[in-house]
Amino acid sequence: MPRGRIRAKLRQSNLYTFCLRPRTAEEEEPHSFNGPGYSRIVHCNQPHMHCRKPLKYASNYISTTKYNIISFLPKAMFEQFRRVANLYFLLAACLSLSDIAPFSAVSMIAPLAFVVGLSMAKEALEDWRRFMQDVKVNSRKANVHMGDGVFNNKPWQRIRVGDVVKVEKDQFFPADLLLLSSSYEDGICYVETMNLDGETNLKVKRSLEVTLPLEDDMAFKDFTGMIRCEDPNPSLYTFVGNFEYDRQINPLDPSQILLRDSKLRNTTFVYGVVIFTGHDSKVMQNSTKSPSKRSRIERKMDYIIYVLFTVLVLLSAISSIGFAIKTKYQMPDWWYLRPDKADSMYDPKRSSVAAAIHLVTALILYGYLIPISLYVSIEVVKVLQAMFINQDIQMYDEESGTPAQARTSNLNEELGQVDTILSDKTGTLTCNQMDFLKCSIAGTAYGTRSSEVELAAAKQMIEEESEDVHDNGMSGLGPSEIELETVITSKDDIDQKPPIKGFSFEDSRLMDGNWTKEPNADVILLFFRILAVCHTAIPEMNDETSAIAYEAESPDEGAFLVAAREFGFEFSKRTQSSVFIRERYSSAGSPIEREFRLLNLLDFTSKRKRMSVVVRDGDGQVLLLCKGADSIIFERLAKNGRMFEEATTKHLNEYGEAGLRTLALAYRKLEKSEYVAWNNEFLKAKTSIGADRDAMLERVADMIEKDLILVGATAVEDKLQKGVPQCIDKLAQAGLKIWVLTGDKMETAINIGFACSLLRQGMKQIRISSMNNDTKEELISCQTLLPLVTVQAVKENIAMQMTNASQMIKLEKDPHAAFALIIDGKSLTYALEDDMKNQFLNLAVDCASVICCRVSPKQKALVTRLVKEGTGKTTLAIGDGANDVGMIQEADIGVGISGVEGMQAIMASDFAIAQFRFLERLLVVHGHWCYKRIAQMICYFFYKNIAFGLTLFYFEAFASFSGQSIYDDWYMLLFNVLLTSLPVISLGVFEQDVSSEVCLQFPALYQQGPKNLFFDWYRIFGWMGNGLYTSLVIFFPSIIMFHNEAFRNDGQTADMSAVGTIMFTCIIWAVNCQIALAMSHFTWIQHLFVWGSVATWYLFLLAYGTVSPVISGNAFKLLVEALAPAPVYWFATILVTVACILPYLVHISFQRAFHPMDHHIIQEIKYYKKDVEDQRMWTREQSKARQKTKIGFSARVDAKIRHLRMRLHTRKYHPGTEAARPAPSQPIL
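Note that the structure is a prediction, hence the values are computed from the model and not measured.

Analysis parameters
- The residue numbers shown here count from 1 along each chain, following its written sequence.
- Given that this is a predicted model, residues contribute local features only at a pLDDT of at least 70 and side-chain atom pairs are listed and counted only at 80 or more, while totals for whole chains, interfaces and linings are drawn from all residues.
- The side-chain values count all of the structure's non-hydrogen atoms but skip hydrogen atoms and water molecules.
- For two strands to count as paired, DSSP must find a minimum of two bridges between them.
- Numbering of helices and strands starts at the N terminus; helices are DSSP runs of H or I of at least 4 residues and strands are runs of E of at least 2.
- Every angle, taken between N-to-C directions, lies between 0 and 180 degrees, and every axis is a line fitted to C-alpha atoms, over only the stretch in contact when it is a helix.
- Basic side-chain nitrogens of Lys or Arg form a salt bridge, by our definition, when they fall within 4 Å of a carboxyl oxygen of Asp or Glu.
- Burial status follows relative accessibility: with a 1.4 Å probe on protein chains alone, a residue under 20% of its type maximum counts as buried, one over 50% as exposed, and anything between as partly exposed.
- The criterion used for residue contact is that any of the two residues' heavy atoms lie within 4.5 Å.
- Less than a right angle of anticlockwise turn of the near helix away from the far helix marks a crossing as left-handed, whereas a clockwise turn marks it as right-handed.
- For this classification, the nonpolar set comprises Ala, Val, Leu, Ile, Met, Phe, Trp, Tyr, Cys and Pro, the charged set comprises Asp, Glu, Lys and Arg, and every other residue, Gly included, is treated as polar.
- UniProt positions are given in the numbering used here, feature names are shortened, and annotations may be inferred rather than shown by experiment.
- As used in this structure description, the phrase polar contact means that two N or O atoms lie within 3.5 Å; if the pair is within protein, one of them must be able to donate a hydrogen and the other to accept it, and residues adjacent in sequence are counted only when both atoms belong to side chains.
- Distance thresholds for patches are 9 Å for like charges and 5 Å for nonpolar side chains (Val, Leu, Ile, Met, Phe, Trp, Tyr), applied to residues having over 30% relative accessible area and no salt bridge.
- The method behind every accessible area is Shrake-Rupley, applied with a 1.4 Å probe, and residues are considered shielded solely by the protein chains displayed.
- Pairing of aromatic side chains requires ring centres within 6.5 Å, counting the rings of Phe and Tyr and the six-membered ring of Trp. Pairs whose planes differ by under 30 degrees are stacked, by over 60 edge-to-face, and all others tilted.
- Per-residue confidence from the predictor is given as pLDDT, running between 0 and 100.

## Some thoughts on the sheet that holds strand β10 (residues 248-252)
The four strands are arranged β1-β8-β9-β10 in an open sheet whose pairing can be described as antiparallel. Looking at the sheet topology across the chains shown, the edges are occupied by β1 (40-44) and β10. Neighbour-to-neighbour, the strand axes of this sheet turn through a mean angle of 20°, independent of strand direction. Sheet topology places β1 next to strand β8 (residues 225-229); five bridges connect them, and they run antiparallel. Each bridged residue has a counterpart across the sheet, and for Arg40 the counterpart in β8 is Cys229.

## Focus on the pattern of salt bridges
What the rule picks out here adds up to 39 salt bridges. Ionic pairing is found between Lys764 and Glu812, a salt bridge with its closest N-O pair at 2.5 Å. You can see Lys764 sitting in strand β28 (residues 764-768) and its partner Glu812 sitting in the loop between α19 (787-811) and β29 (819-824), a full 48 residues away along the chain. In this structure Lys764 comes out as partly exposed when scored by relative accessible area, which is 36%. Looking at Glu812, the relative accessible area reads 25%, which means it is partly exposed.

## Focus: the side chain of Thr1030
With respect to the secondary-structure elements, Thr1030 resides in helix α29 (residues 1017-1042). Each residue touching Thr1030, except ones within four places of it in the same chain, is listed here: Tyr943, Ala947, Ala1070 and Cys1140.

## Comments concerning the environment of Gly1092
By the element assignment, Gly1092 lies in helix α31 (residues 1084-1106). Note on Gly1092: relative accessible area 22%, which makes it partly exposed.

## Overview of the packing of helix α25 (residues 918-958) against α29
Closest axis-to-axis distance for the α25/α29 pair is 8 Å, and the angle between their directions is 40°. Crossing of α25 against α29: the hand is right-handed. Taken together, the residues of the contact of α25 with α29 break down into 18 nonpolar, five polar and no charged.

## Observations regarding the side chain of Lys282
Mapping Lys282 onto the fold places it in helix α5 (residues 282-285). Residue contacts for Lys282: discarding those within four places in its chain leaves Asp176, Glu230, Asn233, Pro234, Ser235, Leu236, Thr238, Phe239 and Leu259.

## Points about the UniProt feature "binding site: Mg(2+)" (unreviewed entry) in the protein
Per the UniProt record, "binding site: Mg(2+)" (unreviewed entry) is annotated on Asp424, Thr426, Asp880 and Asp884. Along the chain, the position of Asp424 falls in the loop between β15 (418-423) and β16 (430-441). A polar atom in the side chain of Asp424 sits 3.1 Å from the side chain of Lys860.

## Details of the sheet that holds strand β11 (residues 257-258)
In spatial order, the strands read β3-β2-β4-β13-β5-β11; together these six strands make up an open sheet with antiparallel pairing. Looking at which strands have only one partner, the edges of the open sheet turn out to be β3 (150-155) and β11.

## Let's talk about a nonpolar patch on the surface
Where nonpolar side chains cluster on the molecular surface, the patch consists of Val84, Tyr303, Tyr306, Trp1017 and Phe1021 and spans about 510 Å² of accessible area. Mapped onto the nonpolar patch, the elements with two or more residues apiece are α6 (296-330) and α29. Note on placement: Tyr306 falls in helix α6.

## Here's the deal with the packing of aromatic side chains
All told, the structure shown has 56 aromatic pairs when counted by the stated rule. The interplanar angle of 85° and the centroid separation of 5.2 Å between the aromatic rings of Tyr67 and Phe72 together place this pair among those described as edge-to-face. Their ring planes at 10° and their centres at 5.2 Å tell us that Phe1100 and Tyr1104 sit as a pair that is stacked. Of this pair, Phe1100 and Tyr1104 are both found in helix α31, four residues apart, which corresponds to roughly one turn of the helix. There is no split in this pair, since Phe1100 and Tyr1104 are both buried.

## Some points on unusual backbone geometry
Despite not being glycine, Asp512 shows a phi value in the positive range, around 55°. Its location among the elements puts Asp512 in the loop between α9 (452-466) and α10 (521-533). A positive phi is found at Lys1117, a non-glycine position, where the angle reads about 50°. Turning to its location among the elements, Lys1117 is positioned in the loop between α32 (1109-1112) and α33 (1118-1123). The exposure class assigned to Lys1117 is partly exposed, which follows from its relative accessible area of 37%.

## Here we look at the environment of Leu982
Mapping Leu982 onto the fold places it in helix α27 (residues 981-990). Distance from Leu982 to Gln1086, taken between C-alpha atoms, is 8.7 Å for residues 104 residues apart in sequence.

## Side note on the confidence of the model for the protein
The pLDDT averaged across the protein works out to 81; a share of 82% of its residues lies at or above 70. Counting contacts from residues 467-495, a segment whose pLDDT is below 50, to residues more than four positions away or on other chains yields 44 contacts. Confidence drops under pLDDT 50 across residues 1217-1229; counting only partners more than four residues distant or on other chains, this segment forms 18 contacts.

## So, the pairing of strand β13 (residues 269-276)
Counting buried residues along β13, eight of its eight residues qualify, which places the element largely inside the surrounding structure. Alignment of strand β4 (residues 164-168) against β13, held across five bridges, turns out to be antiparallel. When the bridges of β13 are listed, Lys166 appears paired with Tyr271. Across six bridges, the pairing between strand β5 (residues 176-182) and β13 is antiparallel. Counterpart to Ser182 in the pairing with β13 is Val270.

Written as structure tokens, this is what we have:
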């Protein structure tokens, strides 16, 4: 049964003066457009008309997958063979089918197939997950008109252009729709676009008046119409089209368009006709592929591969030249090779041709220098590392039930090399939850609870003052011991009330009706009424609890309404023309519901910075109620309305210092004749057409918004997220630089900077603004000049400010001096231009803290790019809203916070966390571990392949460069795939130089990553040199011991298969013992993989020897009959293995004894349990193990310690001076 229309609802024409408006007769003229870009034709309620071209449009099926059934194989193969190493092995595998290959085809093809197949399986698995997510979306149900006025559920993927869809409250729109009608009388509806732009405030949409009669299901039985409009495009905020219906042509604009993935709110239902489906919809047109990001280690690894390729070609060239010499000068003497009948591969007369052919053979033979399984092993390791990040319970947010999420595993090690963090403020450092905390009414301040800025300052002051100077020096003042705890500041701790979301106000003078006893009760009454009436929110009643919730356009507005309700002025209902307030404390002594007739609404815009409503109260008095920025309100006050201005200004400054967001409230009484005259002017401006319409509305609004009487001011708190100050302090101790990029005004950003300890008392602030006093004077003097001159004057002034600031920093002689750079968005526009950006970057890098205010999303991305490219170091951007997507994608690492601003930041990010504080563990623990694991793993890979591959070269030289391999093909096949792969994977997944607790206690360990101590060229070539040494020790002793010596019981010497097996045994033992020495942390898994790999080699050799000689060849029963009974085999294995690992053992012993690294010292302290036995020593080491920083609580305490030391020094050496001068003032936030 169709649901009835909701009557007597809010009429849209009374709201949103500057956003939407009813159409006038002149505006009903249809749009005129021709040519490309405007060819779409939609037959409403006739989807069958769109089954054939040219009207056949995209289906509503969406796919975000990278592959499909047909394209998977070719595209995945292309992705795999874009890697140089894989391409090389593909060519080698193809050549292995020819006669010139030194190995059998299976020994080359099988490893390549395994490695590439595993990588493709990983790609398929990830794409399958995307496919299942698509299936979930495509299978959602929508209520679609099936004909004859009947609506039935239909999957989204089967919706077609022209379908009429009915969407109910809190449902998503399945496609881009033209709004036809809604449950409201005048066809408006409220839409939440969080998934599109990250904004939580509701948008108002309005249908055409001509379609308002389509009010129920049966009205669509015979409905037809035609839409001519623009072609699919990514613009979310524009739409041009005409709607032909009932022999009329009506122009369309964005106010009638409902976009896919936005949600219907506060509206029972709407009807709409589908215009764009699937990938033609605007949200899908906006979907961009995330930029391809590669870690620095991975990029460096390419250069190492190139080095090894160079070595490979060099060795092949040497081998080819050697073979040519042997062929030309010695081959004729080798009669048994029949040189007189030799083919081109061995023809002494054509030695150059033989050398060229042998070059190909050598390139294949020495291919084991390039680790074929390196890429796939790294991918496996990174996936497992990402799983550990996802499962880390310490990064699980219990409140929201959200774990950390590694959305990509390609950048795990990059987390350990971050140099600069660029952070959003609102929703990232703060909760984006506004709490009404304080207010000023009639010049009197109310509200006793402290803000978090005040709490942080008070607690820090207590801690600093409580630090005593001990006889043994200042050791008791260790900054690393500082931890913040929750401070309860409520005066009524015994009578704690349950917290109310949006309301943290405490003051008995205003609560429970006590405000009626205050001296200015009439002003307080007006203050509360302004809070309850001056807004655009919609009340929603919970059917179960009968509680009223508010859907407001901004969190601030919602906090005001909650505050008004708690003060006894509950906004209960909104009708088409009225607002109803339920007043709990009336003059009659009992609750009463008052109606305020809503005459006009002048809504808030970023340009106006205020909003006003014109209402008529129950006594017939017309009132203008206004709220806005204090600077805007104060300049519009009447002479007799400034009674409380001085006191209110003082309170506003105090609120600003406490990190609170403030608004001023004012009102004006209007005479009836004055209002009527103004309203006529207002209607003329409202219905005007032309480019000057907005200017006319501004002028008319200014006519009424003047001569105001100040009532008071509000102060709401955008709360800091839990643990933000501690996290920033720990990241600063780890040596990370932190920049804040926010859209808030400078004062608010500075206050939050103090709360987070990015700023502190005594830090010298460099404020760069386009509107400082000097600039204003220049602009005044340039008013008569061209705009270009004015812009140039501003630009030159900003350049001068930056030059002076840089000079001041250079001339600063105090080594402990700290500078903070604070710049606004307008100045940043000039600072980011090509001729100034390097100057700006150099200044910012010299400062301890950087805060950019009033920045746009594009500026955030540009600043991130400047830091990334200008410094050449790893950047991390963190944010929670759609306005942060640009910088998240631009940074080397993007971290999204699952806040209240939608999922856009999460979807664009590389890693997702629920709270900013989890960034500490993500970087300091997981980043540190992942960097060292991947670095050690890659170095070890090159070591073992060089050790193995060079033995092939030595033997070929020993065998006259004949291209003969000393190893069985199956040995070579299993070397990288089975016998040495699992230990290195266990190293990459489980290795820990120190535990997670120690990582957090010694944050300076993190600097091993940004300094790249474990993957610099010195260490890489060191491991390569170790591989060269190992290859020499394995080959030559084995050849010497078994070349001419009796090996079997019957006196036979060892043949090539026996020597090859002995050498391979030594290689397996050497590389596995080497990785065991490289590990710092052992679990049973590492033991199983390392020693299991050695055992697997013997089991394989035993099993392989039992196979028919047709397959096993010379390895038939080799272990049982030849090697195992020979003591020299076991002696050689032990001797060679010890000789191989001895230099590394000596090296690490010498390093730990004479040049230990930070983690070496910590490991020894933990091993000998000195951290338990000697707590003072452990605390002292913690104090040392942090980077010198000028931000964070530790820096603040360091400054206090220096101050106390200076006072002690003065008392000791100048006793009279201390008493003579006044005590220095304490830091004030």
